[in-house]
Amino acid sequence: MYPVAASIVASQLDAVFSDLRIDAVKIGMLANVENVLAVAYAIERYRPAHVVLDTVIRSSSGYVLLEPNALAVLRERLFPLTNIITPNLYEAAVLLDQPLAADEVQMTRQGDALHALGAQAVLIKGGHFLGSCSPDWLIEKDGHTRLSSPRLRVTGTHGTGCTLSAAIAALRPQKRDWINTVSDAKTYLNQALLHSTRLSVGLGTGPLHHFHTWW
């Protein structure tokens, strides 16, 4: 991993925010403290209406994508500026310095603990659980909502978490609340997974078919 310099990240953010109307922001891999701070400063300065933080810490293949010393800065500086965070079970455990949730009760407790750190909502994803369904829990101040999807047996799963958080960001300005936003984003994700079998890209884990509606 070769992180982009924080000065370049900051310059790109300034260029985009100063030139375009930004309805929603999706934050993904940040790599280090400097980039976390650069993004936090931009969010504070420009105040976009909807901020989705995909808490990328490690790749599915095991590569570390966020330096350990950046975890506290991510929690303290970005969580309070974020409308929703989207950790999977592993990321939730690391962010809280707790064991991996063993069931949905522990999963929702960890979602509550993450919500208490400042984000307006938490979508904690249960895709790593075994079973016929993939349970996600949306944690908001007014309660919990279970959003479950059938487990799909496909090999084109590269970028699943990134796709979901990007879809949430794209849909949020069109929807009235997080429940409808996340539900529709999950529907899009499932279709992209189902249609991934139509693609043949490389020798590793294949990508989702993001453009399945058109070709």
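Residues numbered from 1 in each chain as written. Predicted model: local features only at pLDDT ≥ 70, side-chain atom pairs only at ≥ 80, totals over all residues. Heavy atoms only, no water.

Visitor: Would you mind going over helix 6 (residues 160-171) with me for this structure?
Guide: Quick reminder: α-helices carry 3.6 residues per turn. Residues three or four places apart thus point the same way. With 12 residues, helix 6 should cover 16 Å at 1.5 Å per step; its first-to-last C-alpha distance of 16 Å lies within 8% of that length. Along helix 6, the residues classified as buried are T163, L164, S165, A167, I168, A169 and L171. (Helix = DSSP H or I, 4+ residues; strand = E, 2+ residues; numbered from the N terminus. Expected span 1.5 Å × (residues − 1). Buried < 20%, exposed > 50% of the residue type's maximum accessible area, 1.4 Å probe, protein only.)

Visitor: Can you help me understand the side chain of N190 in this one?
Guide: Tracing the backbone through its elements, the reader meets N190 in helix 7 (residues 178-194). Residue classification places N190 among the buried positions, given a relative accessible area of 17%. Beyond its immediate chain neighbours, meaning those up to four positions away, N190 contacts S149, P150 and L152. (Contact = heavy atoms within 4.5 Å.)

Visitor: So what exactly am I meant to see when it comes to the sheet that holds strand 3 (residues 84-85) here?
Guide: Strands in a sheet are paired, the pairing made by backbone hydrogen bonds, and the direction either parallel or antiparallel. Spatially, 1-2-3-4-5-6 is the arrangement adopted by the 6 strands of the open sheet, whose pairing is mixed. The open sheet terminates on both sides in strands that have one partner only, identified here as strand 1 (24-27) and strand 6 (143-150). Alignment of strand 4 (residues 121-125) against strand 5 (residues 133-140), held across 5 bridges, turns out to be antiparallel. Each residue of the ladder has a partner; that of K125, found in strand 5, is D136. (Pairing = 2+ DSSP bridges.)

Visitor: Teacher, can you tell me more about the packing of helix 1 (residues 6-19) against helix 2 (residues 33-46) here?
Guide: Pairs of packed helices are described in terms of their axes, by the angle between the two and the distance that separates them. Their axes nearest at 9 Å, the elements helix 1 and helix 2 cross at an angle of 20°. The pairing of helix 1 with helix 2 is recorded here as roughly parallel in orientation. At the point where helix 1 passes helix 2, the crossing takes the right-handed sense. Residues A6, V9, A10, L13, D14, F17 and S18 of helix 1 form the contact with helix 2, whose participating residues are E34, N35, A38, V39, A42, R45 and Y46. Residues belonging to the contact of helix 1 with helix 2 are distributed by class as follows: 9 nonpolar, 2 polar and 3 charged. (Axes fitted to C-alpha atoms, helices over the stretch in contact; angles between N-to-C directions. Parallel < 35°, antiparallel > 145°, perpendicular 65-115°, else oblique. Left-handed = near helix turned anticlockwise from the far one by under 90°. Nonpolar A, V, L, I, M, F, W, Y, C, P; charged D, E, K, R; others polar.)

Visitor: Explain helix 7 here, please?
Guide: With 17 residues, helix 7 should reach 24 Å at 1.5 Å per residue; the first-to-last C-alpha distance of 24 Å fits that figure. Next to the buried residues of helix 7 lie strand 2 (50-53), strand 3, strand 4, strand 5, strand 6 and helix 6.

Visitor: Explain the packing of aromatic side chains to me, please; I cannot follow it from the model alone.
Guide: The description of an aromatic ring pair uses the distance of the two centres, along with the angle that the planes make with each other. Tallied over the entire structure, the rule returns 2 aromatic pairs. Aromatic side chains F17 and Y46 sit 4.7 Å apart centroid to centroid with 5° between the ring planes, which places their arrangement in the stacked category. With a gap of 29 residues between them, F17 in helix 1 and Y46 in helix 2 connect regions that are remote in the sequence. Classification of F17 by relative accessible area gives buried; the value is 14%. A residue is classified by how much of its surface remains accessible, and Y46, at 23% relative accessible area, is partly exposed. Look at F211 and W214: their rings are 6.5 Å apart centre to centre, the planes differ by 50°, and that puts the pair in the tilted class. Given the relative accessible area of 47%, F211 is considered partly exposed. Overall, the relative accessible area of 67% leaves W214 in the exposed class. Sitting over the face of the ring of Y90, R58 holds its NZ or CZ atom 3.8 Å from the ring centroid. Seen from the ring of W178, R172 lies directly overhead, with NZ or CZ sitting 4.7 Å from the centre. (Phe/Tyr/Trp six-rings, centres within 6.5 Å; stacked < 30°, edge-to-face > 60°. Lys NZ or Arg CZ within 6 Å of the ring centre and 35° of its normal.)

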